[in-house]
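# A structural walkthrough
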Amino acid sequence: MKKTSSRRFAVRLGSSILAVVWLLSATAVAAKPKADPIASASALIDSGDPGQALELLTPWLKKHPADANALLLASTARFMLGDFEKGRQDLARSIELDSGNRRAWLNQAALELAEEDYTRALESFRQAETLDPDAADNALNIGAVLLLLDRFEEAGARFREYLSRNPGDPKARYLVASNYAMRGFADAAVANLSRAIALDEKMRRNARTDPNFAPLERSATYQRLLNTDGFRHRPGSKVTTQDYEVPYLGRRSLVLDAVISSLQLQGRSFEPQVEVTDRWALVWSDLRIKVASNDSGGTWLELSAPPGAFSAAAWQKLTTELLRSVTVQLHTRSRRPSDP
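Residues numbered from 1 in each chain as written. Predicted model: local features only at pLDDT ≥ 70, side-chain atom pairs only at ≥ 80, totals over all residues. Heavy atoms only, no water.

Glancing now at the side chain of Ser262. You can see Ser262 is positioned in helix α14 (residues 254-265). Residues contacting Ser262, with those up to four places away along its chain left out, are Leu322, Ser325, Val326 and Gln329. (Helix = DSSP H or I, 4+ residues; strand = E, 2+ residues; numbered from the N terminus. Contact = heavy atoms within 4.5 Å.)

Below you can see the structure in the form of structure tokens.
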């Protein structure tokens, strides 16, 4: 099988070739109970400092060349630094010394995936499953590789097994959707993503920036899902709305800009990822904020929160202050230079 270049190898690992694979930047070894070079190196890798981790591991491995855990950590550090050849060697040696380390097999599978050696990746994932049959990611990992091998019915069975072990988990649905999307299976991807969004609408936002969904960009059903806000307020939710005459203009919407500025001025935290479409935008704080085009060519603003999140008095105070600030911000933005 054709090998990839080191540069492409690094890109593939970093761009989530499979949504499920535990990438090499994740810590590979459980820390030992006392502070030692192994535990310190593991912590350094977790914190994104593979160079310093290798400085600790190199003298240790000179004295303890058969330490499988240290070799596994060293391989992870080398991969993070782009030293792929030595990283492969350290990983292979670690597995040779301790073939019972599940993390090593997961890392080996990630390497084989990056090199598009799917048959060997499947073998590595199955070895990891043998070592821990109850691990939650087994079925997803194996299903994803089976999908890459065009063994669709087997892949579907493993995905169903994974979902049955994670009922009601939006991230589980999302990961299955992501793998189907990566292979261009629009119907299966949209069906699972739709279920994920129904459980957590932020899964739709995640899909917008996930490269695994790029093959679906021309799918009408996928685009329709991305542009549909199917959110329904639970009974007892707090909801306040306000209409403005200024038009909704997507990312250039004055009301959206005023909302974000008002949240900042009030010191109210909100998620920086704002979901924006041609018809509506969503901002998430401790309340849900929707900015949308209304039927009269203006903008409709909706503030909402689930039942029990705020008392009636607290909700009244919050929304009154926020709407007042939005109005002030809109007035500031709409004034002409010649206005007094």
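Read across the sheet, five strands follow the order β1-β5-β4-β3-β2 without closing on themselves; strand pairing throughout is antiparallel. Of all strands in the sheet, those bounded by a partner on one side alone are β1 (238-244) and β2 (275-276). One ladder, built from five bridges, connects strand β3 (residues 280-284) with strand β4 (residues 288-293); its direction is antiparallel. Considered in β4, the bridge of Ala281 is made with Val291. On top of the sheet, α14 reaches β1, β2, β3, β4 and β5 (299-305); it is set at about 160° to β4, its chief contact. Against the sheet, helix α15 (residues 312-334) contacts β1, β4 and β5, and its axis sits at roughly 20° relative to β1. (Pairing = 2+ DSSP bridges. Axes fitted to C-alpha atoms, helices over the stretch in contact; angles between N-to-C directions.)

Counted under the stated rule, the structure contains six aromatic pairs. Ring centres of Phe159 and Tyr180 lie 5.2 Å apart, and the angle between their planes is 65°; on these two criteria the pair is classed as edge-to-face. One end of the pair, Phe159, is in helix α9 (residues 152-165); the other, Tyr180, is in helix α10 (residues 170-182), and 21 residues separate them in sequence. Centre to centre, the rings of Phe310 and Trp315 are 5.6 Å apart; their planes meet at 50°, and the pair counts as tilted. The burial state of Phe310 is the same as that of Trp315; both residues are buried. In textbook terms, an aromatic cluster arises when at least three aromatic residues are bridged by ring pairs, as seen for Phe152, Phe159, Tyr180 and Phe185. Seen from the ring of Phe231, Arg288 lies directly overhead, with NZ or CZ sitting 3.9 Å from the centre. (Phe/Tyr/Trp six-rings, centres within 6.5 Å; stacked < 30°, edge-to-face > 60°. Buried < 20%, exposed > 50% of the residue type's maximum accessible area, 1.4 Å probe, protein only. Lys NZ or Arg CZ within 6 Å of the ring centre and 35° of its normal.)

On to the nonpolar core. A general trend in soluble globular proteins is that nonpolar side chains are found buried together. With 47 residues, the main nonpolar core has Tyr162, Leu193, Phe213 and Tyr222 as its most contacted residues. What Tyr162 contacts, discounting residues up to four positions off in sequence, is Ala136, Ala139, Leu140, Ala172, Leu175 and Val176. Counting 24 residues, the second largest nonpolar core, distinct from the first, contains Tyr248, Val274, Leu303 and Ala305. (Core = buried A, V, L, I, M, F, W, Y, C linked by side-chain atoms within 4.5 Å.)

The full count for this structure, using the stated rule, is 23 salt bridges. Residue Arg158 is joined to Glu129 by a salt bridge in which the shortest nitrogen-to-oxygen separation is 2.6 Å. With Arg158 in helix α9 and Glu129 in helix α7 (residues 118-131), this pair connects stretches of sequence that are 29 residues apart. Classification of Arg158 as buried rests on a relative accessible area of 15%. Glu129 sits in the buried class, given a relative accessible area of 18%. With a closest N to O distance of 2.1 Å, Arg183 and Asp150 form a salt bridge. Residue Arg183 is located in the loop between α10 and α11 (186-199), and its partner Asp150 is located in the loop between α8 (138-148) and α9; the two are separated by 33 residues in the primary sequence. The exposure class of Arg183 is partly exposed, given its relative accessible area of 29%. (Salt bridge = Lys/Arg side-chain N within 4 Å of Asp/Glu carboxyl O.)

With 14 residues, α9 ought to run about 20 Å at 1.5 Å a step, and its terminal C-alpha atoms sit 20 Å apart, in line with that. Buried-residue contacts for α9 involve α7, α8, α10 and α11. (Expected span 1.5 Å × (residues − 1).)

Under the 1.5 Å per step criterion, the end-to-end length of α11 is 20 Å for 14 residues, consistent within 8% with the ideal 20 Å. Where α11 is concerned, the buried positions are Ala186, Ala189, Val190, Asn192, Leu193, Ala196 and Ile197. The inward-facing, buried residues of α11 abut α9, α10, α12 (202-208) and α13 (220-226).

Residue placement: Leu193 occurs in helix α11. For the pair Leu193 and Tyr174, spaced 19 residues apart in sequence, the C-alpha separation works out to 5.5 Å. If we ignore the near neighbours within four places in the chain, the residues touching Leu193 are Tyr174, Ala177, Met203, Ala207, Phe213, Tyr222 and Leu225.

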